[in-house]
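Results of the structural survey
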Amino acid sequence: MIRLLRYSILIIFAFLYEMSATAQKRKADKTGPVIVVGKTLSTSDSVLVKQLYLDGLHAKMMQNTQQSTDYFRRVLSIDPANDAAMFELAAIYYLKNQTNEAEIQIRNAVTVKPENKWYWLLLADIYKQTNNANSLLPVFNELIRLEPYNEDHYFDKANSLVILNKINEANAVYDEIERLYGTSEFLTEARQRVFLKQGKPEKVAAELEKQVKLNPKDIKPLLNLAEVYTRTGSAEKSVILLKKALATEPENALLRLSLADAYRSLKQFDESLIELKQAFNNSSYPIDEKIRIVLGMFPQFADIKVRSGAHDLAEILTKVHSDDAKSFSVFGDVLFQEQKLEEATASYRLALKINDQVYQIWEQLLRIGLSGNKFKEVIADGETALSIFPNQAALYLYTAIAYAQTKDHTKAINYLETAASLESEDKDVIIQVYSGLGDSYNALKKFKQSDEAYRKVLELSPDNSYTLNNFAYYLSLRGDDLEKAEQMSKQSIQLEPNNPSFEDTYGWILFKLKKFKEARVWIEKSISHGENNSAVQIEHYGDVLYLTGEKDKALQQWQKANQIGGASDKLQLKLNGKKYIE
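This one's a predicted model, so the numbers in the text were calculated from it and none came from an experiment. (Residues numbered from 1 in each chain as written. Predicted model: local features only at pLDDT ≥ 70, side-chain atom pairs only at ≥ 80, totals over all residues. Heavy atoms only, no water.)

Focus on the overall build of the protein
The following threshold applies: Only DSSP runs of H or I reaching four residues or more are called helices, and only runs of E reaching two or more are called strands; each is numbered from the N terminus. The buried label applies to any residue whose accessible area, calculated with a 1.4 Å probe on protein chains only, is under 20% of its type's maximum; exposed applies above 50%, and partly exposed to all values in between. Contacts are assigned to residue pairs with any non-hydrogen atoms lying within 4.5 Å of each other. Here the accessible surface of atoms and residues is derived via Shrake-Rupley with a 1.4 Å probe, and residues count as covered only by protein chains that are part of the display.
Assigned secondary structure in the protein consists of 33 helices and zero strands. Residues counted as buried form 47% of the 582 residues belonging to the protein. The contacts of the protein with a sequence gap of at least 6 include a subset with a gap of at least 24, amounting to 50%. By element, 51% of the accessible surface of the protein is carried by carbon and sulfur atoms, the whole surface being about 30400 Å².

Some points on helix α31 (residues 535–547)
Put simply, the rule reads: Take the number of residues in a helix, subtract one, and multiply by 1.5 Å to get its expected span.
Between the first and last C-alpha of α31 there are 19 Å, a value that for 13 residues agrees with the 18 Å anticipated at 1.5 Å per step. When you tally the buried positions in α31, you get eleven out of 13 residues, the bulk of the element. Taken together, the buried positions of α31 are A535, Q537, I538, E539, H540, Y541, G542, D543, V544, L545 and Y546. Where α31 is buried, its residues touch α27 (465–478), α29 (500–512), α30 (516–529), α32 (551–564) and α33 (571–577). Looking one or two residues beyond α31, the residue adopting positive phi is G549, at roughly 95°.

Structural notes on the packing of aromatic side chains
Put simply, the rule is: Working definition: a ring pair exists when centres of Phe, Tyr or Trp rings (six-membered ring for Trp) sit within 6.5 Å. Plane angles under 30 degrees give stacked, over 60 give edge-to-face, the rest tilted. Placement of a charge over a ring requires the Lys NZ or Arg CZ to be within 6 Å of the ring centre, with the centre-to-atom vector within 35 degrees of the ring normal.
Enumeration over the complete set of coordinates arrives at 16 aromatic pairs. Ring geometry for Y506 versus W522: centroids 5.2 Å apart, planes at 80°, classification edge-to-face. Of the two residues, Y506 is situated in helix α29 and W522 in helix α30; the sequence distance between them amounts to 16 residues. For Y506, a relative accessible area of 6% puts it in the buried group. Taken together, the ring pairs connect Y454, F471, Y473 and Y474 into an aromatic cluster. Sitting over the ring of Y434, K456 keeps its end group 5.7 Å from the ring centre. Sitting over the ring of W522, K525 keeps its end group 4.0 Å from the ring centre.

Observations regarding the nonpolar core
The cut-off we apply is this: By convention a nonpolar core is built from buried Ala, Val, Leu, Ile, Met, Phe, Trp, Tyr and Cys residues, the set being connected through side-chain atoms within 4.5 Å.
Counting 64 residues, the largest nonpolar core has F280, V294, F301, L313, L395, V433 and L437 as the members making the most contacts within it. Formed by 33 residues, the second largest nonpolar core is a distinct cluster that contains Y454, V544, A554 and L575.

As for the packing of α29 against α31
For clarity, the cut-off: In this analysis, axes come from line fits to C-alpha atoms, helices being fitted only over the stretch in contact, and the angle between any two N-to-C directions falls in the range 0 to 180 degrees. Should the near helix be turned anticlockwise from the far one by less than a right angle, the crossing is termed left-handed; should it be turned clockwise, right-handed. Each residue gets one label: Ala, Val, Leu, Ile, Met, Phe, Trp, Tyr, Cys and Pro are nonpolar, Asp, Glu, Lys and Arg are charged, and the others, such as Gly, are polar.
At a closest axis distance of 11 Å, the pairing of α29 and α31 adopts a crossing angle of 35°. Regarding α29 and α31, the two cross each other, and that crossing is left-handed. Residues P500, S501, D504, W508 and F511 of α29 touch α31, and the partners they reach there are V536, Q537, H540, D543, V544 and L547. Residues belonging to the contact of α29 with α31 are distributed by class as follows: six nonpolar, three polar and two charged.

Notes on the side chain of N470
Within the element layout of this structure, N470 appears in helix α27. On the basis of relative accessibility, which here comes to 10%, the residue N470 falls in the buried class. With residues near it in sequence (within four places) discarded, N470 still touches D439 and Y454.

Let's talk about the pattern of salt bridges
Filter applied, for reference: Put simply, a salt bridge is a Lys or Arg side-chain nitrogen that is within 4 Å of an Asp or Glu carboxyl oxygen.
Taken as a whole and judged by the stated rule, the model has 25 salt bridges. For R145, the salt bridge identified is with E115, shortest N-O distance 3.3 Å. Note that R145 is positioned in helix α8 (residues 133–146) and E115 in the loop between α6 (99–112) and α7 (117–129), a separation of 30 residues in sequence. On the accessibility criterion, R145 (42% relative accessible area) is partly exposed. The exposure class of E115 is exposed, given its relative accessible area of 51%.

A short note on the confidence of the model for the protein
Just so we agree on the cut-off: The pLDDT score gives, residue by residue, the confidence of the prediction method on a 0 to 100 scale.
Mean pLDDT for the protein: 85, with 90% of residues reaching 70 or above. Low pLDDT (under 50) marks residues 1–31, which in the prediction has 54 contacts with non-local residues, meaning those over four places away or in another chain.

Written out as structure tokens, the structure is:
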């Protein structure tokens with residue numbers, strides 16, 4: 001318990017290092033003398049004080065903070081020197097983050113009863129919260145006076161001195177700790193922090209070397225020493241130290257990982273990977289730590305060696321931890337990053353076979369299926385996922401997209417409406433839901449609902465180029481509000497230049513507005529920017545050629561569109577009559 005307390009103090013102190021000297025000086029003036037004037041109580045007052053105090057404790061236990069505050073204040077109005085009431089009030093104020101009021105009460109309490117260590121400890125907590133390092137020193141001096149054999153108070157005092165940049169005084173306290181209690185891991189770490197603050201890594205190494213000599217079987221100081229060597233440009237020393245340790249502990253995964261770091265520092269990447277593989281093959285080393293290492297490699301996946309190494313390590317995970325879904329999930333993530341989508345899907349399915357309760361895997365599986373146009377698989381997986389996670393809007397969305405792609409727009413709308421009814425904090429999901437509703441309602445010729453859905457998207461995302469294009473195109477097909485359609489289409493190509501689909505839409509709207517020459521320019525741009533032009537694009541090109549007087553060329557384009565397949569219902573009439581059909 002004491003060790004945990006010390007760690008919590010060190011963590012709290014960590015952010016104080018940057019505290020300015022001005023702030024310290026400004027807050028130090030609160031530590032002047034405190035005078036508390038008491039009075040002699042009558043028997044009736046004494047009884048009343050006791051009752052009020054007990055009532056205050058009861059109200060506190062019932063979590064009625066305001067009532068308990070009132071009771072303790074009444075105690076002090078009768079008995080101004082009641083240190084117990086002062087302490088309770090200070091604790092209440094501290095929890096409410098009213099540090100000024102808390103400090104006043106607890107300073108009064110330690111003045112009345114300076115032998116109570118709990119009062120001093122609360123005062124220390126307040127000074128930590130208010131970054132008042134100057135005032136902490138006398139508090140820890142008092143705690144050392146009260147508990148001269150409590151090692152933690154010495155550490156706290158030394159840490160305060162380090163914060164105040166009084167390094168010599170801090171080192172003197174550390175020397176006192178070593179004299180009283182001997183050397184320890186905590187003392188070594190504390191001195192390391194001081195030396196690092198001073199920019200003296202060699203002194204850190206010296207402290208650790210001493211620790212390694214004193215405790216040759218203790219792995220932690222050895223690992224810390226290796227890390228210091230590696231970080232300070234002496235990775236060769238690290239390699240020698242760790243290899244010597246591995247001779248007696250070849251199965252120690254931590255030694256292997258530290259050696260891998262040293263080799264990486266020396267740019268010996270093959271040797272580093274060998275050590276990582278050895279560590280990953282150790283089944284006793286936690287899988288979560290191994291996963292952290294693999295995920296840490298993702299930002300460097302542009303380097304083929306790093307990517308290949310991550311692949312090998314993740315594959316080892318699936319063999320060493322074959323009963324853990326996380327191993328297959330991470331391997332799937334690596335394969336996905338390598339664009340090996342079939343293999344990634346297989347790995348994700350193995351993960352779900354072990355544990356189907358991991359939502360993120362289901363979502364990733366659906367995304368991959370949609371990207372590969374495997375819509376029937378997505379529907380099956382989506383239905384299964386929704387039976388486990390029925391309140392996830394994204395699952396309804398992805399399943400709906402698959403239904404829409406198989407032309408089952410009624411089912412798609414049902415799923416999208418359900419997704420829209422769920423409270424999703426993901427704005428992108430909401431936008432995709434309404435965009436999908438716009439598309440599917442339009443496919444069912446429910447134009448009013450379609451337009452409403454698209455307007456909802458544009459309210460949420462005015463620069464959504466996909467919706468601007470689709471809304472404009474569907475308006476143009478109906479011949480509705482062509483000026484608005486032109487405006488939206490133009491905005492979409494400004495947002496996403498050289499998009500052949502958007503350019504075709506803009507050209508088609510200009511065509512509908514009878515701006516044939518301008519239409520031809522944009523449709524030709526669309527064709528030049530598209531790698532696999534659709535039958536609709538080619539048919540549109542034939543239409544504009546016909547109406548600009550190039551009828552033979554128009555017929556050629558219609559024939560080409562017919563060969564591609566998927567053009568409008570009127571294409572065959574155009575071919576048969578060799579003329580444009582409105």
